[in-house]
Amino acid sequence: AYATRFTTYSNRNDNFLASSAITGDELILGIGMTITLNGKTGGANYYLTNIRLGDGAQVVIDASAGPVNVFLTGRLSSGSGADIQVIGNPTDFSLFSNSNTPIDINNLGSFRGFIYAPYAKIELANHLTLYGAVWGREIEMKNSVDFYYDTALQEKFLSNELILVSWRDVRS
């Protein structure tokens, strides 16, 4: 079902809803730059070939008008102090990747949402706090990553391919 959506959104997407133009389906932000990806009633779907966030760059996901989905066919990388801020709940933002290129979410303050990248290695690192769920070929968490699984996502993306291998509740 997701493969069909990649084809559909490559030709008909909501990239025009972003606060700044997304040129050539790539989201490249230099040092300190900011862009907002806006939601809409029924959901907004962005199609991107690559996402590169320079040091201190910020992507704001404004899901106050409706959920936001990003369909990514290439790499996601973030520089030092870059941020992906979601206005809304973790269930309001989903990042789907059909690529085997890495997704590197490093040096962010926090990330709220669902990452679905079954063919890619996902690296989460350097003082990141993640609220939501992550599905990847390989997931590596290092250098002080706090991960809070959002049980509201449990029913949203069902699969018979997932097996719970360990779980620890750290709430006091």
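Everything that follows concerns the structure shown earlier in this document.
No experiment lies behind these values; they were computed from the predicted model shown.

Section: the pattern of salt bridges
Taken as a whole, this structure holds 6 salt bridges when the rule is applied. Note that Lys142 and Glu123 form a salt bridge whose closest N and O atoms lie 3.6 Å from each other. Of this pair, Lys142 sits in strand 12 (residues 129–142) while Glu123 sits in strand 11 (residues 110–125), and the two are 19 residues apart along the sequence. Among the residues examined, Lys142 registers a relative accessible area of 32% and is labelled partly exposed. The shortest N-O distance in the salt bridge between Arg137 and Glu138 comes to 3.7 Å. Three or more residues joined by partner-sharing salt bridges are found here, namely Lys121, Glu123, Glu140 and Lys142.

Some remarks on unusual backbone geometry
Of note, the phi angle at Asp25 is positive, near 65°, even though the residue is not glycine. Residue placement: Asp25 occurs in the loop between helix 1 (2–11) and strand 1 (26–29). Positive phi, close to 60°, is recorded for Asn143, a residue that is not glycine.

Focus on empty space enclosed by the protein
To find leftover empty space, a probe the size of one water molecule is rolled over the atoms. Tallying each qualifying case throughout the model produces 1 cavity of 30 Å³ or more. Estimates place the volume of the largest cavity at around 80 Å³. Along its surface, the largest cavity is lined by Leu27, Leu37, Leu48, Ile51, Val59, Ile61, Val70, Leu76, Ile84, Phe93, Leu95 and Phe111. Where the lining of the largest cavity is concerned, the elements lending two or more residues are strand 5 (58–62) and strand 9 (93–97).

Re the environment of Ile61
Here Ile61 is to be found in strand 5. Among the residues examined, Ile61 registers a relative accessible area of 1% and is labelled buried. Sequence spacing of Ile61 and Gln85 is 24 residues, and the spatial spacing of their C-alpha atoms is 6.0 Å. Aside from chain neighbours lying at most four places away, what touches Ile61 is Leu37, Val68, Ile84, Gln85, Val86, Ile87 and Phe93.

Topic: the sheet that holds strand 5
Backbone-to-backbone hydrogen bonds join strands into a sheet, with any given pair of strands oriented parallel or antiparallel. Spatial strand order, 2-5-8: 3 strands in an open sheet with parallel pairing. Each edge of the open sheet carries a strand with a single partner, namely strand 2 (34–38) and strand 8 (83–87). Within this sheet the neighbouring strands show an average axis-to-axis angle of 15°, counted without direction.

As for the packing of aromatic side chains
In the structure shown here, the tally under the stated rule is 9 aromatic pairs. Here the aromatic rings of Phe6 and Phe71 are separated by 5.2 Å at their centres, their planes lie at 90°, and the arrangement is edge-to-face. Of this pair, Phe6 sits in helix 1 while Phe71 sits in strand 6 (residues 68–72); the two residues are 65 residues apart in sequence, bridging distant segments of the chain. Taking the relative accessible area as the measure of exposure, Phe6 reaches 6% and is therefore buried. Consider the rings of Tyr9 and Phe71, whose centres lie 4.9 Å apart with planes at 45°: the pair is tilted. On the criterion of sequence distance, the pair formed by Tyr9 in helix 1 and Phe71 in strand 6 is long-range, its members being 62 residues apart. The same class applies to Tyr9 as to Phe71, namely buried. Through a chain of ring-to-ring contacts, three or more aromatic side chains come together here, namely Phe6, Tyr9, Phe71, Phe96, Phe114, Tyr116 and Trp135. Against the face of Tyr131 rests Arg112, its NZ or CZ located 4.3 Å from the ring centre.

Cut-off values and rules
- Residues numbered from 1 in each chain as written.
- Predicted model: local features only at pLDDT ≥ 70, side-chain atom pairs only at ≥ 80, totals over all residues.
- Heavy atoms only, no water.
- Salt bridge = Lys/Arg side-chain N within 4 Å of Asp/Glu carboxyl O.
- Helix = DSSP H or I, 4+ residues; strand = E, 2+ residues; numbered from the N terminus.
- Buried < 20%, exposed > 50% of the residue type's maximum accessible area, 1.4 Å probe, protein only.
- 1 Å grid on protein atoms, 1.4 Å probe; cavity = no way out; pocket = protein on both sides within 12 Å on 5 of 7 lines; lining within 4 Å.
- Points joined across faces, edges and corners; volume = space filled by probe spheres on them.
- Contact = heavy atoms within 4.5 Å.
- Pairing = 2+ DSSP bridges.
- Axes fitted to C-alpha atoms, helices over the stretch in contact; angles between N-to-C directions.
- Phe/Tyr/Trp six-rings, centres within 6.5 Å; stacked < 30°, edge-to-face > 60°.
- Lys NZ or Arg CZ within 6 Å of the ring centre and 35° of its normal.

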